[in-house]
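Per-entry structural report
Take a look at the letters that make up each chain.
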Amino acid sequence: MALSGKYLPKNPDFFEIFDGKDITVWSINNHQNEDKIYTYDEAIDVAGTGWYVIGMSVLLCMALEGMALDMFGFSVVVSSACDLEINHIQKSILISMPFLGSIILAYPWGYFSDTQGRLKSFRISLWGSFILASISAFSPNWIVLAILKFFSCSFSSGIQSIGLTLLGESCSTKLRGKLVIGVTFSLFLSFAIYNICAYFILSLDFAFDLGFIVFRPWRLLALVLALPLGVSLVLASYFFESPKFVLNSGNERRAVKLLTKISERNGIKLNAYPVKRVVLHETTSLRRKDLPLLQSLVEQTFPLFKPPLLYRIVQLFYITSVVYATNNGFYAWFPLVMETFNTGYDKNTEADNLCGLISNYKELDNNDMCITSVTEFSVWVSLIQGALYGVLIFAVALLNGRRKTVLIVLLFICSASGFLIPFAPGRILSICLFCGFMINSVCLSIVFSYYVDMFPTSYRGMAACLGVMVARISALAGTNLVGAYLVTHCANSFYSWSAFVLSKL
């Protein structure tokens, strides 16, 4: 039976312990007690910050990068799969598969994480996504490729929410917010990484007949983009289950052992870790194992949608939907805008304005063309973008104590830039404002740090996974809505989406 407890408000030297049946009041400073009782936050702070925390942060960076490449790098694979002879509609279906897959299994991942364990769920997510992403490189046709990518991203969709929850519960409270924000930096490197990989791999010229397929460069690219998932899977075997999850499940002794192991990995001397008793300073959920699956799902989800958690979950869902719909919807136009520096439309004065340039896209649409290489210009653009986002993420992590203020400032810059874009007189100013509009991307790391901080251990995994599901649905909707409306109503699109962003303030 898990212990739960709280400090007595009138006397913080005493702690009230509830073991499921009786309430006992312990004196924190009474030396007659056999052991001092620590809250979990105190116990994890005592475990320190060292190689274990650093290693887990590296693991999460690698895993999140693998997830991003599995989802977003797939667009380059699809565009270069010339031998599959796919048309525009088939290409759209293929590109939608990663989003659909991540939406379908987001809810089950939350339930599995909160009932079976963070680390176990994390490893299964890595296993499934790595194996299926690798097999997809050998797809004989576009239908098989679509099915494999759907299931691959169904597995990888759990990496972000489960991984960030595991990290947040395994590091000190002082560093929790900074680390959760910091590791999401790897997501912003994905654009640069898959462009660099595509630049070198797609320039190769080979074709190996394997009988059922001809192995060409785009298939090698698909295998290379799956590698970070495999590396993450190997690294994950060196880490422990979240002690907080174990404690919440009722196994205090095992939780203390895990905390001791973490402290030793962090550099604390053997047998020097002082914690022998630990309790959760929050409401716990003691689950019955004989419940039917449907009832268990309801009991795991319903508390999130009633007070006191209802307001927070709705607020976060709304912010998540706005951020992801705006980011993914307009991000599809980012390469087009950047490419103007390389190609230019100087002969067309209307195209010097961003909205004129996007309108021209309807006439210059080359979506049905097969891409056999990535330009050096695109690589440099992606590197510069990654560096800029890196600086911003670093600044946001340092200002973790003022996350709300930083979030408001970033959203205001995004909204103001969107309102000004239709009035910008030249290409350079338009592109600068468009980059300001896309600063909305940096808000993603702040939003998910709130999912780790604001919910009890019993429901944290479910809340984070539901957040991922809302994010993917919003991304899919935003991509289709913006794509359908931006070409014909450019100015109104920026006005309406800027107002949409401003509504979060």
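Focus on the side chain of serine 242
- Counting through the fold element by element, serine 242 comes out in the loop between helix H10 (217-236) and helix H11 (243-248).
- When neighbours within four sequence positions are excluded, serine 242 is seen to be in contact with Arg118, Leu166, Glu169 and Ser170.

Focus: unusual backbone geometry
- Backbone geometry places glutamate 85, a non-glycine residue, at a positive phi of 50 degrees.
- Assignment of secondary structure puts glutamate 85 in the loop between helix H3 (74-80) and helix H4 (88-104).
- Note on glutamate 85: relative accessible area 69%, which makes it exposed.

Overview of the side chain of serine 417
- You can see serine 417 is positioned in helix H18 (residues 403-420).
- According to the relative accessible area criterion, serine 417 is buried, its value standing at 9%.
- Of the polar contacts made by the side chain of serine 417, one reaches the backbone oxygen of isoleucine 413; its length is 2.8 Å.
- Aside from chain neighbours lying at most four places away, what touches serine 417 is Leu433, Gly436 and Phe437.

Structural notes on the packing of aromatic side chains
- Applying the stated rule across the entire model yields 13 aromatic pairs.
- On the basis of an interplanar angle of 90 degrees and a centroid distance of 5.1 Å, the ring pair of phenylalanine 150 and phenylalanine 151 is categorised as edge-to-face.
- For the pair phenylalanine 423 and tyrosine 495, a centre-to-centre distance of 6.1 Å together with 35 degrees between the ring planes defines the contact as tilted. Placement of phenylalanine 423 in the loop between H18 and helix H19 (427-437) and of tyrosine 495 in helix H22 (residues 490-502) is noted, with a sequence separation of 72 residues between them.

Brief notes about the pattern of salt bridges
- Evaluation of the coordinates by the stated rule reveals seven salt bridges.
- Aspartate 70 is the salt-bridge partner of lysine 149, the closest N and O atoms lying 2.7 Å from each other. One end of the pair, lysine 149, is in helix H7 (residues 142-168); the other, aspartate 70, is in helix H2 (residues 51-71), with 79 residues separating them in the sequence. Comparing lysine 149 with aspartate 70, the two get one shared label, buried.
- Put simply, aspartate 83 and arginine 219 hold a salt bridge, and the shortest N to O gap is 3.8 Å. One end of the pair, aspartate 83, is in the loop between H3 and H4; the other, arginine 219, is in helix H10, and 136 residues separate them in sequence.
- Overall, aspartate 83 belongs to the partly exposed group, its relative accessible area being 30%.

Some thoughts on the confidence of the model for the protein chain
- Looking at the protein chain as a whole, the pLDDT averages 77, with 78% of positions reaching at least 70.
- With pLDDT under 50 throughout, residues 1-34 is counted as low confidence; its partners more than four residues away or in other chains account for 72 contacts.
- Here residues 345-350 scores under 50 on pLDDT; set against residues more than four positions off or in separate chains, the count is 11 contacts.

What counts, and at which threshold
Sequence order as written defines the numbering, with residues in each chain counted from 1. For this predicted model, a pLDDT threshold of at least 70 governs which residues receive local features, and a threshold of 80 or more governs which side-chain atom pairs are given and counted, while totals over whole chains, interfaces and linings are taken from all residues. No hydrogens and no water enter the side-chain calculation; it runs on all heavy atoms of the structure. A run of H or I in DSSP becomes a helix once it reaches four residues, and a run of E becomes a strand once it reaches two; helices and strands are each numbered from the N terminus. Contacts are residue-level and defined by heavy atoms, with any inter-residue pair within 4.5 Å sufficient. Only protein chains enter the accessibility calculation, which uses a 1.4 Å probe; a residue whose area is less than 20% of its type maximum is buried, one above 50% is exposed, and one in between is partly exposed. Here a polar contact is taken to be a pair of N or O atoms separated by no more than 3.5 Å, where protein atoms must pair a possible hydrogen donor with a possible acceptor and residues adjacent in sequence count only if both atoms sit in side chains. Stacked, edge-to-face and tilted labels apply to pairs of Phe, Tyr and Trp rings (six-membered ring for Trp) whose centres lie within 6.5 Å, assigned for plane angles under 30 degrees, over 60, and everything in between, in that order. The working definition used for a salt bridge is a side-chain nitrogen of Lys or Arg within 4 Å of a carboxyl oxygen of Asp or Glu. What pLDDT conveys is the predictor's confidence in a given residue, as a value from 0 to 100.

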